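# Understanding the architecture of this molecule
Listed below, chain by chain, are the residues.
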Amino acid sequence: MILQPRLLVLDEPTSALDMTVQVQIVQLLRELQKKHRLAYLFISHDLKVVRALAHKVMVMKRGDVVEEGPAEEIFSAPKSDYTRELMAAAFADGAFGAVA
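These remarks concern the structure in this document. Here the structure is a predicted model, which is why all the values come from computation and not from measurement.

In this section: the overall build of the chain. Scanning the chain for helices and strands turns up four helices and four strands. The order of α-helices and β-strands along the chain, N terminus first, is β-α-β-α-β-β-α-α. A compact globule built from 100 residues would reach a C-alpha radius of gyration of about 13 Å, and the chain, at 14 Å, matches this within 12%. Across its three principal directions, the C-alpha atoms of the chain cover 45 × 30 × 20 Å.

What follows concerns the environment of Glu73. Turning to its location among the elements, Glu73 is positioned in helix α3 (residues 71–76). Overall, Glu73 belongs to the partly exposed group, its relative accessible area being 36%. Separated by 16 residues in the primary sequence, Glu73 and Val57 have C-alpha atoms spaced 9.2 Å apart. Excluding its chain neighbours within four sequence positions, the residues that come into contact with Glu73 are Pro78 and Lys79.

Moving on to a nonpolar patch on the surface. Together, Leu7, Val9, Leu41 and Ile43 make up a nonpolar patch on the protein surface, roughly 360 Å² of accessible area in all. The set of elements that each furnish at least two residues to the nonpolar patch consists of β1 (7–11) and β2 (39–43). Of note, Leu41 is situated in strand β2.

Inspection of the secondary structure assignment puts Gln33 in helix α1 (residues 19–36). Note on Gln33: relative accessible area 18%, which makes it buried. Those residues in contact with Gln33 that lie beyond four places of it in its chain are Leu38, Tyr40 and His55.

Analysis parameters
- Residues numbered from 1 in each chain as written.
- Predicted model: local features only at pLDDT ≥ 70, side-chain atom pairs only at ≥ 80, totals over all residues.
- Heavy atoms only, no water.
- Helix = DSSP H or I, 4+ residues; strand = E, 2+ residues; numbered from the N terminus.
- Rg over C-alpha atoms; globule rule 2.2 N^0.38 Å.
- Buried < 20%, exposed > 50% of the residue type's maximum accessible area, 1.4 Å probe, protein only.
- Contact = heavy atoms within 4.5 Å.
- Patch = residues over 30% accessible without salt bridge, like charges linked within 9 Å, V, L, I, M, F, W, Y side chains within 5 Å.
- Areas by Shrake-Rupley, 256 points an atom, 1.4 Å probe, with all protein chains shown as cover.
- Salt bridge = Lys/Arg side-chain N within 4 Å of Asp/Glu carboxyl O.

Function-wise, these values are silent; they only describe arrangement.
As structure tokens, then:
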């Protein structure tokens, strides 16, 4: 943070962490974002974490963009079949809420 970046690229930053630590990391990322006015390029397969952090979402399949838009819109009304399948698998337990 010493260099005061405007953008951080985070590639699967929470993938190997248990749920408790994930929640702590998400909270830390939110705090850093506010404090330092950061933008994140957050790459993840964990849609619950993505939902907790993202303002905009891009869904990709085999390197191609399938759908993109405001996170709230993508999560509440996905347009593509692929995105709907991902959401159904990720939130099969009914936990459509955000992490933390």
